[in-house]
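Structural characterization, general
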Amino acid sequence: MSVFSLKVAIEDNRYFNGETSPLFSKAQAQKAREFHKKIAGYQPTPLCALDDLAQLFGVRKILVKDESKRFGLNAFKMLGGAYAIAQLLCEKYQIDINAFSFEKFKAMATEKMTFATTTDGNHGRGVAWAAQQLGQHAVVYMPKGSARERVDHILNLGAECIVTEMNYDDTVRLTMKTAQERGWQVVQDTAWEGYTKIPTWIMQGYATLADEAAEQMRQMQIERPTHVLLQAGVGAMAAGVLGYLVDVFGADKLHSVIVEPDLADCVYRSGVKGEIVNVGGDMATIMAGLACGEPNPLGWPLLRNCATQFISCQDSVAALGMRVLGNPLGNDPRIISGESGAVGLGVLAAVHHSPQRAQLMQKLGLDSQSVVLLISSEGDTDVKHYREVVWEGKHPV
């Protein structure tokens, strides 16, 4: 087996106190999941056990939640967008969310709202899908450099899609300004002063996948994960899912690691400092879904309180993860995981191949009894780039 070094900077969280949040809890996740269950075509995405790879890497279990199977949208993001849009419509039409139905609402709606959002691809696709399913409009803004395929996915759902000449965070500000001028409703997974309710709903919606994973582990007769690696852009998914996990399993009993690209590592830098640190520039990482420079202030306190460690890593780590998942060992299932989805597994692979393997395993608390939960948050949402990485060896080790 080859030995090589990739940049995986690991920082212990000196500000950990284990304080959980009632906003991001088992109860809120299960409420969101009951909503998702009523959507036609709902089924839990697979939790794949990579037992042969776990044996090779020296851990007991590697469990990968494959979100490429989510409602045919190739990513988890619709869980948040659909839940938030439904909550908004329930407020507007005075409907109980527990009684909300996509089919009934589409039949009764007398006017159309326009939902606006900024996306690197998957969140916008989820918002566009939900708007289409509910007979509403969606306008989606994307930062410069967005892949044509991701734009087409949004256009094919009937939404308007505008690619700007700005980075992600500046595009969010443009979306806010335009929506305010035109009377549109912003559905964004980050928060700012005066805008917290909708991103809270989005984050609660994301936690459906955590409730599914916990149920699936019980069915596998696995008591609990010892480790979870969660990728972060603004940190909305990471905080929503971690909130559930620490509520169920206890923050002090779960070794939780937040992983980011080194070109957009705002949560890592915030973790080092103990307060929010923003990152600017183009953030030209292949992990497009994580190319965000400003942490979500709703999710940040929970990450600061409950994350065990923060990681900043180079793009080749994600590329390695894509290749390992796409070319499984032994009898392990094949998982098609995109750039943002594969980075957690990429970290495990980079550690395994590192000349400092023993030290890194110890740093991460990994041993033969470790049960590691990973979220493959997307599939090949940019097929061209996926093949360049997996077939052609782009971003080599």
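Residues numbered from 1 in each chain as written. Predicted model: local features only at pLDDT ≥ 70, side-chain atom pairs only at ≥ 80, totals over all residues. Heavy atoms only, no water.

The name recorded for the protein in an unreviewed UniProt entry is Diaminopropionate ammonia-lyase, from Serratia fonticola.

1. Focus on the overall build of the protein
Selection criterion: Secondary structure elements are defined from DSSP: runs of H or I of at least 4 residues count as helices, runs of E of at least 2 residues count as strands, and each element is numbered from the N terminus. For this measure, only C-alpha atoms enter the radius of gyration; the expected value for a globule follows 2.2 Å times N^0.38, where N is the number of residues. Here the term buried applies to any residue with accessible area under 20% of the maximum for its type, exposed to any over 50%, and partly exposed to those in between, with areas from a 1.4 Å probe on protein chains only. In what follows, residue pairs with any heavy atoms lying within 4.5 Å of each other are defined as contacts. Charge assignment: positive for Lys and Arg, negative for Asp and Glu; neither His nor the chain ends contribute. Charge positions come from single atoms, namely NZ of Lys, CZ of Arg, CG of Asp or CD of Glu.
Summing up its helical and strand segments, the protein has 16 helices and 11 strands in all. By the compact-globule yardstick of 21 Å for 397 residues, the protein fits well, its C-alpha radius of gyration being 20 Å. Here the C-alpha coordinates of the protein stretch approximately 60 × 45 × 40 Å along the principal axes. Expressed as a percentage of the 397 residues in the protein, the buried residues total 63%. Here the contacts in the protein between residues at least 6 apart in sequence split such that 75% fall between residues at least 24 apart. With 38 positive and 43 negative side-chain charges, the protein shows a spacing of 3 Å between the two charge centroids.

2. Observations concerning the sheet that holds strand β7 (residues 185-186)
Applicable threshold: For two strands to be treated as a pair, DSSP must find no fewer than two bridges joining them.
The strand order across the open sheet built from 4 strands is β6-β5-β4-β7, with neighbouring strands paired in parallel fashion. Looking at which strands have only one partner, the edges of the open sheet turn out to be β6 (160-163) and β7. Taken together, the 4 bridges between strand β5 (residues 137-142) and β6 define a ladder with parallel strand orientation. Its bridge partner being in β6, Tyr 141 is matched across the sheet by Ile 162.

3. Points about helix α9 (residues 208-219)
What counts, and what does not: To estimate how far a helix should reach, multiply one less than its number of residues by 1.5 Å.
Compared with the 16 Å implied by 1.5 Å per residue over 12 residues, the 17 Å span of α9 between its first and last C-alpha is a close match. Of all the 12 residues making up α9, 9 are buried; the element is thus mostly covered by neighbouring parts of the structure. Taken as a whole, α9 has its buried residues at Thr 208, Leu 209, Ala 210, Asp 211, Glu 212, Ala 213, Ala 214, Gln 216 and Met 217. Just beyond α9, the residue with positive phi is Gln 221, at close to 60°.

4. Observations concerning the UniProt feature "domain: Tryptophan synthase beta chain-like PALP" (unreviewed entry) in the protein
Test applied: UniProt positions are given in the numbering used here, feature names are shortened, and annotations may be inferred rather than shown by experiment.
Mapped onto this numbering, the UniProt entry annotates "domain: Tryptophan synthase beta chain-like PALP" (unreviewed entry) at residues 41-350. In the segment residues 41-350, helix accounts for 44% and strand for 14%; the C-alpha atoms at its two ends are 37 Å apart.

5. Focus: the pattern of salt bridges
This is how it is decided: Any Lys or Arg side-chain nitrogen found within 4 Å of a carboxyl oxygen on Asp or Glu counts as a salt bridge.
Applying the stated rule across the entire model yields 24 salt bridges. We note a salt bridge from Arg 33 to Glu 215, for which the minimum N-O separation is 3.0 Å. Within this pair, whereas Arg 33 is found in helix α1 (residues 26-37), its partner Glu 215 is found in helix α9, the two being separated by 182 residues in sequence. Its relative accessible area of 27% is what places Glu 215 among the partly exposed residues. For Lys 144, the salt bridge goes to Asp 282, with nearest N and O atoms at 3.1 Å. Taken together, the residues Lys 144 in the loop between β5 and α6 (148-155) and Asp 282 in the loop between α11 (266-273) and α12 (300-306) connect sequence positions 138 residues apart. The exposure class of Asp 282 is exposed, given its relative accessible area of 53%. One salt-bridge network, held together by shared partners, links Lys 65, Glu 67, Arg 70 and Glu 212.

6. Notes on the environment of Ala 49
If you trace the backbone, Ala 49 turns up in strand β2 (residues 47-49). The sequence separation of Ala 49 and Gln 356 amounts to 307 residues, and the corresponding C-alpha distance is 26 Å. Apart from the residues lying within four places of it in its own chain, the contact partners of Ala 49 are Lys 61, Ile 62, Leu 63, Asp 332 and Pro 333.

7. Re the sheet that holds strand β10 (residues 309-313)
Applied cut-off: Only the stretch in contact is used when fitting a helix axis, every axis being a line fitted to C-alpha atoms; angles between N-to-C directions are given from 0 to 180 degrees.
Pairing in this open sheet of 7 strands is mixed, and the strands run β1-β10-β9-β8-β11-β3-β2 from one edge to the other. One side of each edge strand has no neighbouring strand; the edge strands of this open sheet are β1 (8-12) and β2. Averaged over all adjacent pairs, the angle separating strand axes in this sheet is 25°, with direction ignored. Direction of pairing for strand β8 (residues 227-231) relative to strand β9 (residues 255-261): parallel, over a ladder of 5 bridges. For Leu 230, the partnering residue across the bridge sits in β9 and is Ile 258. Those strands touched by α11 are β1, β9 and β10, and its axis lies near 135° from that of β10.

8. Things to note about the packing of aromatic side chains
Just so we agree on the cut-off: Each pair of aromatic rings taken from Phe, Tyr and Trp, with Trp reduced to its six-membered ring, is defined by centres within 6.5 Å and is described as stacked if the planes are under 30 degrees apart, edge-to-face if over 60, and tilted in the remaining cases.
All told, the structure shown has 12 aromatic pairs when counted by the stated rule. Taking the centre distance of 6.4 Å and the plane angle of 45° together, the rings of Tyr 42 and Phe 71 count as tilted. Residue Tyr 42 is found in the loop between α1 and β2, and its partner Phe 71 is found in the loop between β3 (61-66) and α3 (78-93); the two are separated by 29 residues along the sequence. Note on accessibility: Tyr 42 and Phe 71 belong to one class, buried. Centre to centre, the rings of Phe 102 and Trp 129 are 6.1 Å apart; their planes meet at 40°, and the pair counts as tilted. Of the two residues, Phe 102 sits in helix α4 (residues 102-108) while Trp 129 sits in helix α5 (residues 122-133), which places them 27 residues apart along the sequence.

9. Looking at a nonpolar patch on the surface
Selection rule: Like-charged residues are merged into a patch within 9 Å and nonpolar side chains (Val, Leu, Ile, Met, Phe, Trp, Tyr) within 5 Å, provided each residue has over 30% relative accessible area and no salt bridge. Computed with a 1.4 Å probe, the accessible areas rest on the Shrake-Rupley method; for each residue, only the protein chains presented here act as cover.
Nonpolar side chains collect at one region of the surface, where Met 1, Leu 56 and Leu 329 lie side by side and expose about 300 Å² of accessible area between them. In this structure Leu 56 comes out as partly exposed when scored by relative accessible area, which is 32%.

10. Here we look at the nonpolar core
Cut-off, in case you're wondering: The criterion is simple. A nonpolar core is a set of buried Ala, Val, Leu, Ile, Met, Phe, Trp, Tyr and Cys residues joined through side-chain atoms within 4.5 Å.
In terms of nonpolar packing, the biggest core is built from 96 residues, with Phe 100, Trp 129 and Leu 242 touching the most fellow members. For this core, the leading source of residues is α3, giving 11 residues. Those residues within four positions of Phe 100 in sequence are excluded, and the remaining contacts are Phe 35, Lys 38, Ala 86, Leu 89, Cys 90, Ile 95, Phe 105 and Leu 134. Leu 290, Leu 320, Val 351 and Leu 364 belong to the second-largest nonpolar core, a separate cluster that totals 44 residues.

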